[in-house]
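# Structural features, examined
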Amino acid sequence: RRQEGTGRRLEVDIHDPRGPVLQAREHELLIAIVRALQPRIAVEVGSLYGNFLAPLVWNMIQWGGLVYSLDLNTDWSRPYIEAWGLMDRITFIQGDSKQTVHQLPDGIGFAFIDANHAYECAKGDYEGVWPKMAEGGIVAFHDVWPSVDAEDWLKFGPSPVRQYIRDAHPNAIH
């Protein structure tokens, strides 16, 4: 939805009772957003096995976009990216995002944060990516939990990270 005078604002809740794995309909929605934006630069923080990263790269190459992947262990997603034949279309940055986010370029049009799901970690990833975002860009999150110890994450309702972003950047993209 669009609010007059505040630029782009997008809020989408996708609650999938099957658990914290990115599901097909979530992939479809995120890729639809990327296709609509056609960002010059996209980032995934927390790529794990590359299940979303590969389709992201595949779509970004259609308009010559660049993709960056930040993860503690990029070796997990590399085989999947290799299987898609996309290794030359992505920049992997290995390490803790708190220490590596500075390596990202400015002008990010789409960022997907799906790393450590605890509040402080997701908030930190947002704070690291936000200053590098292009105007009109979108930051999306996947299953942010209130704490690292949250075992039954389905009980927790709206993410406290979302509230933090609303408070810190009321006219920003959510």
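Residues numbered from 1 in each chain as written. Predicted model: local features only at pLDDT ≥ 70, side-chain atom pairs only at ≥ 80, totals over all residues. Heavy atoms only, no water.

### What to know about the overall build of the protein chain
Operational definition: Strands here are runs of E lasting at least two residues and helices are runs of H or I lasting at least four, both read from the DSSP assignment and numbered beginning at the N terminus. Here, two residues are considered to be in contact whenever any of their heavy atoms come within 4.5 Å of each other. Each accessible area value is a Shrake-Rupley result obtained with a 1.4 Å probe; residue values ignore everything except the protein chains displayed when judging cover.
A tally of helices and strands in the protein chain yields six helices and five strands. In the protein chain, once contacts between residues fewer than 6 apart in sequence are set aside, the share between residues at least 24 apart is 69%. Per element, the accessible surface of the protein chain, about 9200 Å² overall, is 51% carbon and sulfur.

### A few points about the pairing of strand β3 (residues 90-94)
Successive residues of a regular strand alternate their side chains across the two faces of the sheet. Stated precisely, the cut-off is as follows: Two strands are said to pair when DSSP picks up at least two bridges between them. Orient the strands so they point away from the viewer, and a crossover whose first-strand-to-second-strand path over the helix runs clockwise is right-handed.
Looking at chain direction, strand β2 (residues 66-71) and β3 are connected through five bridges and run parallel. Counted as the bridge partner of S69 is F92 from β3. After leaving β2, the chain enters helix α3 (residues 78-83) and then returns to the sheet as β3, a path that is right-handed.

### Observations concerning the packing of aromatic side chains
Here a ring pair, both rings aromatic, is described through the centre-centre distance and the interplanar angle of the planes. Here is the rule: Note on ring pairs: Phe, Tyr and Trp rings are taken, using the six-membered ring of Trp, and paired if centres are within 6.5 Å. Classes follow the plane angle, with under 30 degrees stacked, over 60 edge-to-face and the rest tilted. Throughout, exposure labels follow a simple rule: accessible area from a 1.4 Å probe, protein chains only, divided by the maximum for the residue type, with under 20% read as buried, over 50% as exposed, and the rest as partly exposed.
Under the criterion given, the structure shown has six aromatic pairs. Ring plane angle 40° and centroid distance 6.2 Å describe the contact between Y49 and W76, whose orientation is recorded as tilted. With Y49 in the loop between β1 (41-45) and α2 (53-60) and W76 in the loop between β2 and α3, this pair connects stretches of sequence that are 27 residues apart. With relative accessibility at 47%, the residue Y49 sits in the partly exposed group. By relative accessible area, which is 45% here, W76 ends up partly exposed. Aromatic side chains Y80 and W84 sit 6.2 Å apart centroid to centroid with 50° between the ring planes, which places their arrangement in the tilted category. Overall, Y80 belongs to the partly exposed group, its relative accessible area being 32%.

### Description of unusual backbone geometry
Notably, Q38 is not glycine yet its phi reads approximately 45°, a positive angle. Summarising the element assignment, Q38 is placed in the loop between α1 (24-37) and β1. The exposure class assigned to Q38 is partly exposed, which follows from its relative accessible area of 46%.

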